[in-house]
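# Working through the structure, step by step
The primary structure of each chain is shown beneath.
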Amino acid sequence: VKPPVPGPIGEIISGTVFNLLVVQLAISFVLDAATSLRGAAGCLRLVLQLEHGQQHAGPSHTTVQNLVLRLGLYELIRTKERADDWIWITDHTIALAPD
């Protein structure tokens, strides 16, 4: 897991009830550690239980999925850095099924 992003770790992320650290861990479990969505939710419950000493309700697997999808949407719509090594990939697939 990557070190936390600089900034207020306890800050609640807009659109969720979880703080920055929980959101970052959820995304890191899925993208960096290649765990399933349910596995990431289970790991987060365990981490929160170990951190607080009691059972905490962490994000569900659907919440983890929504967090990953929100990150993907951000990556798609953010302003891209101009580069001189970009290429175009086109797809000229011929439909095989009859109309």
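Scroll up to find the structure this text is about.
Owing to the predicted nature of the structure, the values given are computational and were not obtained by experimental measurement.

Time to look at the pattern of salt bridges. Enumeration over the complete set of coordinates arrives at one salt bridge. For Arg 78, the salt bridge goes to Glu 75, with nearest N and O atoms at 2.9 Å.

Their axes nearest at 9 Å, the elements helix H1 (residues 20-31) and helix H2 (residues 37-52) cross at an angle of 140°. As the angle between them shows, H1 and H2 are arranged oblique. Here H1 runs over H2; the crossing is right-handed. Along its contact with H1, which presents Val 22, Leu 25, Ala 26, Phe 29 and Val 30, the element H2 presents Leu 37, Ala 40, Cys 43, Leu 44, Val 47 and Leu 48. Of the residues in the contact of H1 with H2, the class split is eleven nonpolar, no polar and no charged.

Direction vectors running N to C along H2 and helix H3 (residues 61-77) enclose 110°, while the axes themselves pass 8 Å from each other. Classified by the angle between their axes, H2 and H3 sit roughly perpendicular to one another. In this structure, H2 contributes Leu 37, Arg 38, Ala 40, Ala 41 and Leu 44 to the contact, and H3 contributes His 61, Val 64 and Gln 65.

Bringing a nonpolar patch on the surface into the picture now. Together, Leu 31, Leu 71 and Tyr 74 line one region of the surface with nonpolar side chains, adding up to about 290 Å² of accessible area. Relative to the assigned elements, Tyr 74 resides in helix H3.

For the rest of this paragraph, the subject is the nonpolar core. Where a protein is soluble and globular, its nonpolar side chains tend to be buried together. The biggest cluster of nonpolar side chains holds 14 residues, and the ones touching the most others in it are Leu 44 and Val 64. Among the elements of the structure, H1, H2 and H3 are those that each provide at least two residues to this core. The element that contributes the greatest number of residues to this core is H1, accounting for seven residues. With residues up to four places along the chain from it excluded, the contact list for Val 64 reads Ala 26, Val 30, Leu 37, Ala 40, Ala 41, Leu 44 and Pro 59.

Rules behind the numbers
Residues numbered from 1 in each chain as written. Predicted model: local features only at pLDDT ≥ 70, side-chain atom pairs only at ≥ 80, totals over all residues. Heavy atoms only, no water. Salt bridge = Lys/Arg side-chain N within 4 Å of Asp/Glu carboxyl O. Axes fitted to C-alpha atoms, helices over the stretch in contact; angles between N-to-C directions. Helix = DSSP H or I, 4+ residues; strand = E, 2+ residues; numbered from the N terminus. Parallel < 35°, antiparallel > 145°, perpendicular 65-115°, else oblique. Left-handed = near helix turned anticlockwise from the far one by under 90°. Contact = heavy atoms within 4.5 Å. Nonpolar A, V, L, I, M, F, W, Y, C, P; charged D, E, K, R; others polar. Patch = residues over 30% accessible without salt bridge, like charges linked within 9 Å, V, L, I, M, F, W, Y side chains within 5 Å. Areas by Shrake-Rupley, 256 points an atom, 1.4 Å probe, with all protein chains shown as cover. Core = buried A, V, L, I, M, F, W, Y, C linked by side-chain atoms within 4.5 Å. Buried < 20%, exposed > 50% of the residue type's maximum accessible area, 1.4 Å probe, protein only.

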